[in-house]
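Understanding the architecture of this molecule
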Amino acid sequence: MPTVALLNGHTFAGGLMLSQSHDYRLAPSPKGFLCLNEVLFGAPLKPPMAAIFRHRLSPQSYRTLALEGRRFTGQQAVEYGLADATATSLQDALAFVEEKQLTEKAKAGVYGVIKTELHKDLLRELRKDGVDREEDRFNEDQRREGERKEFGKVWFEEWTKENKSKL
């Protein structure tokens, strides 16, 4: 069946990720922001989290969301593809459902099949073997980055010992 996320206030981090799992998202208006603020407090996006946003958004919108930690108003969320419309109340959400005829969509019995095919690449990545493979890649990338930083630190210490200022 179709799912609709009515975001009735601030929707940050995991709440924003959960909202992206729905077929339709209605952003708060006029109050409330949507924000993926992990970059602001130093939390990495693990592969399954990143996959959902990468699947839903254009590369430019994903970059702005993930690397800038920008707070989007409801209207900006629609413009960037984070939401399909804005809503101020449950009545607005019900009007959206009626306008899109969402209560009728599941009756033919194929909505789920079509949805699975539409999202097949994301589903493949989110299944256990896909998650395990991506987690292994992520962990290896983190290990290499740690080694690179440690090498740089040791190199710099050696360089400063050998290149004392002559002032």
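How each quantity is defined
- Residues numbered from 1 in each chain as written.
- Predicted model: local features only at pLDDT ≥ 70, side-chain atom pairs only at ≥ 80, totals over all residues.
- Heavy atoms only, no water.
- Helix = DSSP H or I, 4+ residues; strand = E, 2+ residues; numbered from the N terminus.
- Rg over C-alpha atoms; globule rule 2.2 N^0.38 Å.
- Buried < 20%, exposed > 50% of the residue type's maximum accessible area, 1.4 Å probe, protein only.
- Contact = heavy atoms within 4.5 Å.
- Areas by Shrake-Rupley, 256 points an atom, 1.4 Å probe, with all protein chains shown as cover.
- Lys, Arg positive; Asp, Glu negative; His and termini not counted.
- Charge placed at Lys NZ, Arg CZ, Asp CG, Glu CD.
- Pairing = 2+ DSSP bridges.
- Core = buried A, V, L, I, M, F, W, Y, C linked by side-chain atoms within 4.5 Å.
- Salt bridge = Lys/Arg side-chain N within 4 Å of Asp/Glu carboxyl O.
- Axes fitted to C-alpha atoms, helices over the stretch in contact; angles between N-to-C directions.
- Parallel < 35°, antiparallel > 145°, perpendicular 65-115°, else oblique.
- Left-handed = near helix turned anticlockwise from the far one by under 90°.
- Nonpolar A, V, L, I, M, F, W, Y, C, P; charged D, E, K, R; others polar.

**Quick word on the overall build of the protein**
The helix and strand tally for the protein stands at ten helices and five strands. Relative to the globule expectation of 15 Å for 167 residues, the C-alpha radius of gyration of the protein, 22 Å, shows a markedly less compact shape. The C-alpha extent of the protein, read off along each of the three principal axes, is 80 × 40 × 20 Å. Here the protein, with 167 residues, has 31% of them falling under the buried criterion. Residue pairs at least 24 apart in sequence account for 61% of intrachain contacts in the protein once pairs closer than 6 positions are excluded. When the accessible surface of the protein is split by element, carbon and sulfur atoms take 56% of a total near 11,200 Å². Counting 26 positive and 25 negative side-chain charges, the protein places the centres of these two groups 2 Å from one another.

**Structural notes on the pairing of strand E3 (residues 24-28)**
Burial of E3 is extensive: four of the five residues sit out of reach of the surface. Sheet topology note: the strand E1 (residues 4-6)/E3 ladder contains three bridges and is parallel. Bridging from a neighbouring strand, Leu6 pairs with Leu26 of E3. Pairing of E3 with strand E5 (residues 85-87) involves three bridges; the strand directions are parallel. Bridging from a neighbouring strand, Ala27 pairs with Thr86 of E5.

**Side note on the nonpolar core**
Leu34, Leu36, Phe53, Tyr62, Leu65, Ala77 and Leu82 are the most contacted members of the largest nonpolar core, which has 17 residues in total. Those elements that provide at least two residues to this core are helix H3 (47-56) and helix H4 (59-68). Excluding anything up to four places from it in sequence, Leu36 contacts Ala13, Leu16, Leu45, Phe53, Leu65, Ala66 and Gly69. By size, the runner-up hydrophobic cluster in this structure holds six residues, among which are Ala87, Ala93, Phe96 and Val97.

**A look at the pattern of salt bridges**
All chains considered together, the criterion is met by 15 salt bridges. Between Lys46 and Glu135 there is a salt bridge whose closest N-O contact spans 3.3 Å. Here Lys46, found in the loop between helix H2 (38-41) and H3, pairs with Glu135, found in helix H10 (residues 128-162); they are 89 residues apart in sequence, far enough to count as distant. Note that Glu125 is salt-bridged to Arg54, the shortest N-O span being 2.9 Å. Remark: Arg54 occurs in helix H3 and Glu125 occurs in helix H9 (residues 120-126); sequence separation between them is 71 residues.

**Details of the packing of helix H1 (residues 13-20) against H3**
Contact pair H1 / H3: the axes reach a minimum separation of 10 Å and the direction vectors enclose 50°. With respect to each other, H1 and H3 are oriented oblique. Along this stretch, H1 crosses H3, giving a crossing that reads as left-handed. For the pair H1 and H3, the contacting residues are Leu16, Met17 and Gln20 in the first and Met49, Ile52, Phe53 and Arg56 in the second. Of the residues in the contact of H1 with H3, the class split is five nonpolar, one polar and one charged.

Read these as spatial facts, not as claims about activity.
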